Amino acid sequence: MIEKKIKKELEANLGGKKVFEEKEFLIAYSYDATGNEFLPDLVVFPENEKDVENVINIAFRHKIPITPRGAGVGYTGGSLPVQGGIALVFTRMNRILSIDMENFIAEVEPGVITYNLQEEVEKKGLFYPPDPASLKTSTIGGNVAENAGGLRCFKYGVTGNYVLGLEAYLIDGRKIKTGGRVIKNVAGYDIKSLLVGSEGTLAIITRIILKLIPLPRYRRLFQIDFNSLKKGAEFINEMIRTNISPSVLEFMDETSITAVCQFQGIALDPSIRASVLVEIDGNESDVIERANRFSQLVRNTSVIDFKIAETSIEQEKLWSLRRNISPAISKYKPKKINEDIVVPTSKIPDTVEFINNLALEFNIKTVLFGHFGDGNIHTNLLVDPENKDEMKHAEIMLEKIFKYVISVNGSISGEHGIGISKMPFMKFQFSESEMEVFKNIKKSFDPENLLNPGKIFELK
Ligand SMILES: Cc1cc2nc3c(=O)[nH]c(=O)nc-3n(C[C@H](O)[C@H](O)[C@H](O)COP(=O)(O)OP(=O)(O)OC[C@H]3O[C@@H](n4cnc5c(N)ncnc54)[C@H](O)[C@@H]3O)c2cc1C
């Protein structure tokens, strides 16, 4: 509970209609894509850096927790105010401040929607590649704080690969600048990289400087269907070993492709057990040459169908298959436990087989899809929370999956972060000494644990 006089102090300092305590606001900013709910005491919408500074100073003085929030479409509860306090929502700080055509740099506020930035830079012949599937809703601030990945990471890397510099506020109200407008920068500790992926637990980001690259003018998209899951998974490895260098290497298992075809009313060959989406981009002649080599590779592989999407309309049809997997599979069961494990790419076929055997053993409908080119296997366990046995089995299955992933040198999260959802599994991946290092870093930024408390690990 935040006292009335503190709300008044915030309103007086921020001006305008930026501070809300009405129930409808508290509810609207109490959940994210996990479906979990934690009510904040106040919702505050800063419109500029000065507003952020004012909020932090007042919250710090009164020892009120602050949870930064972008669009709230995170998959691990990072934006949930688990200890109440202030939900600091960045949707009004959504200006693209500059697009520097000489240095290929964009400077943005954290609330810019990822897709909006992409559209703006593409008008100028430039390209901002990071593209989480949530790109039409998620913010750059949320992407940076989660180090979001996406479909094109295989060729272009993750959000962090494009962050050149950050401006951020520490919990005591001091502002720091880290990195800058240069490609190379090794002066001092790399605080910028520490803030990338820190899930809003170390500092509040108010300005982001991003690297841009020239826009690839030409692309071709392919869908390849297989009559066995294993063959599909092995094809991913084969692709990685070639120098065809696709921008996208996505996988859909039988359940995902069946669900999405039903969802979109598309007829489906019943023998399909897996589909792979491959995009090749670049200059026209280069794309044609690589696409020819790719077609040759497919001809020498045992596939049941091979589609080429050349026009943007054809390509959009294939993309919509991939993008609609999440809503399509949600229809099967009331709850979807959504994990984003990642393994070395050579381990993909074994991992897929391991998970499918577990699914059979525990009788849990399990869907595998995602950025397999990065070894990032989106593993969705479809369950009914009312069915206690099913929930127990899902819990055991998850633990086995995480332990397996670590045993093959993978990680419990490739892109969604830890938040609250994966906190119990951190101990599988990190030793006590490693956890101690994390906690000491947190304490040096936020000694009183006021900034997004209760995330990633418990601070005792
Ligand atoms: C359908 C769907 C598809 C998705 N696909 C992908 C995908 O392909 N790849 C992927 O990586 N993720 C994906 N996600 C997950 C999610 O969209 C990303 O994690 C995204 O980066 C969240 O952005 P957001 O603006 O919603 O951030 P939020 O969820 O609001 O916040 C995420 C984290 O960022 C912190 N934060 C936000 N703003 C700031 C700030 N200014 N300063 C400091 N910390 C801040 C929050 O405290 C929180 O910890 C998907 C989610 C959905 C629902």
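Keep in mind the model is a prediction, meaning the values are calculated, not measured.

A. The domain arrangement of the protein chain, seen in detail. Entries for the protein chain in the domain assignment read domain 1 (4-91), domain 2 (94-214), domain 3 (218-327) and domain 4 (332-420). Computed from C-alpha atoms alone, the centre-to-centre distance between domain 1 and domain 2 is 22 Å. Of the roughly 1500 Å² buried where domain 1 meets domain 2, counting both sides, 62% is carbon and sulfur surface. Contact with domain 2 buries area across many residues of domain 1, yet E49, I56 and F90 alone supply 34% of it, more than any other trio. The interface formed by domain 1 and domain 2 contains 1 salt bridge.

B. Structural view of the site of the ligand. Taken together, 35 residues are adjacent to the ligand, and P68, G70, V73, S134 and T139 come closest. Between the ligand and the protein, one listed contact pairs an oxygen atom with a backbone N or O atom of G72 at 2.8 Å. Within the backbone of G78, an N or O atom sits 3.2 Å from an oxygen atom of the ligand. Here the ligand, which alone exposes 990 Å², has 94% of that area covered by the protein. Only β3 (66-69), α5 (140-146) and β10 (204-211) provide two or more residues apiece to the shell around the ligand. The greatest single-element share of the shell around the ligand, amounting to 5 residues, is contributed by α5. The residue inventory of the shell around the ligand, partitioned by class, reads 14 nonpolar, 17 polar and 4 charged.

C. Representation of the packing of aromatic side chains in the model. Tallying each qualifying case throughout the model produces 17 aromatic pairs. When the ring of F222 is compared with that of F294, the centres are 4.7 Å apart and the planes differ by 55°; the resulting orientation is tilted. Here F222, found in strand β12 (residues 218-226), pairs with F294, found in helix α10 (residues 284-299); they are 72 residues apart in sequence, far enough to count as distant. Overall, the relative accessible area of 0% leaves F294 in the buried class. Taken together, a centroid distance of 6.0 Å and an interplanar angle of 35° make the contact between F425 and F428 tilted. Exposure class is identical for F425 and F428. Each is buried. The ring of F60 is capped by K63, whose NZ or CZ atom sits 4.1 Å from the centre of that ring. The ring of Y162 is capped by K211, whose NZ or CZ atom sits 5.3 Å from the centre of that ring.

D. Representation of helix α16 (residues 432-445). For α16, which comprises 14 residues, the first-to-last C-alpha distance of 20 Å matches the rise-based estimate of 20 Å (1.5 Å per residue) to within 8%. Listed as buried for α16 are M435, K442 and F445. Along α16, the residues classed as buried sweep out an arc of 90° about the axis, all on the same side. Relative to its buried face, α16 has exposed residues pointing more than 90 degrees away, namely E432, S433 and S444. Residues of α16 that are buried in the fold lie against α7 (191-195) and α15 (426-429).

E. Representation of unusual backbone geometry. For F104, which is not a glycine, the phi torsion comes out positive at approximately 55°. Relative to the elements of secondary structure, F104 occurs in the loop between β5 (96-100) and β6 (105-108). Even without being a glycine, N147 presents a positive backbone phi close to 50°. Mapped onto the elements of the fold, N147 is located in the loop between α5 and α6 (153-156). Its relative accessible area of 25% is what places N147 among the partly exposed residues.

F. Broad picture of the sheet that holds strand β17 (residues 365-370). Ordered by their spatial adjacency, 7 strands build an open sheet running β15-β12-β14-β13-β17-β18-β16, and the pairing between neighbours is antiparallel. Each edge of the open sheet carries a strand with a single partner, namely β15 (305-309) and β16 (335-342). Within the sheet, the average angular offset between the axes of one strand and its neighbour, ignoring direction, is 20°. Where β17 meets strand β18 (residues 376-383), 5 bridges bridge the pair, whose relative direction is antiparallel. The residue of β18 that forms the bridge with L368 is T379.

Definitions and limits used
- Residues numbered from 1 in each chain as written.
- Predicted model: local features only at pLDDT ≥ 70, side-chain atom pairs only at ≥ 80, totals over all residues.
- Heavy atoms only, no water.
- Domains from an automatic or database assignment.
- Buried area = accessible area lost by both parts, 1.4 Å probe.
- Salt bridge = Lys/Arg side-chain N within 4 Å of Asp/Glu carboxyl O.
- Near = heavy atom within 4 Å.
- Polar contact = N/O pair within 3.5 Å; in protein donor to acceptor, adjacent residues only side chain to side chain.
- Areas by Shrake-Rupley, 256 points an atom, 1.4 Å probe, with all protein chains shown as cover.
- Helix = DSSP H or I, 4+ residues; strand = E, 2+ residues; numbered from the N terminus.
- Nonpolar A, V, L, I, M, F, W, Y, C, P; charged D, E, K, R; others polar.
- Phe/Tyr/Trp six-rings, centres within 6.5 Å; stacked < 30°, edge-to-face > 60°.
- Buried < 20%, exposed > 50% of the residue type's maximum accessible area, 1.4 Å probe, protein only.
- Lys NZ or Arg CZ within 6 Å of the ring centre and 35° of its normal.
- Expected span 1.5 Å × (residues − 1).
- Arc of directions from axis to C-beta.
- Contact = heavy atoms within 4.5 Å.
- Pairing = 2+ DSSP bridges.
- Axes fitted to C-alpha atoms, helices over the stretch in contact; angles between N-to-C directions.

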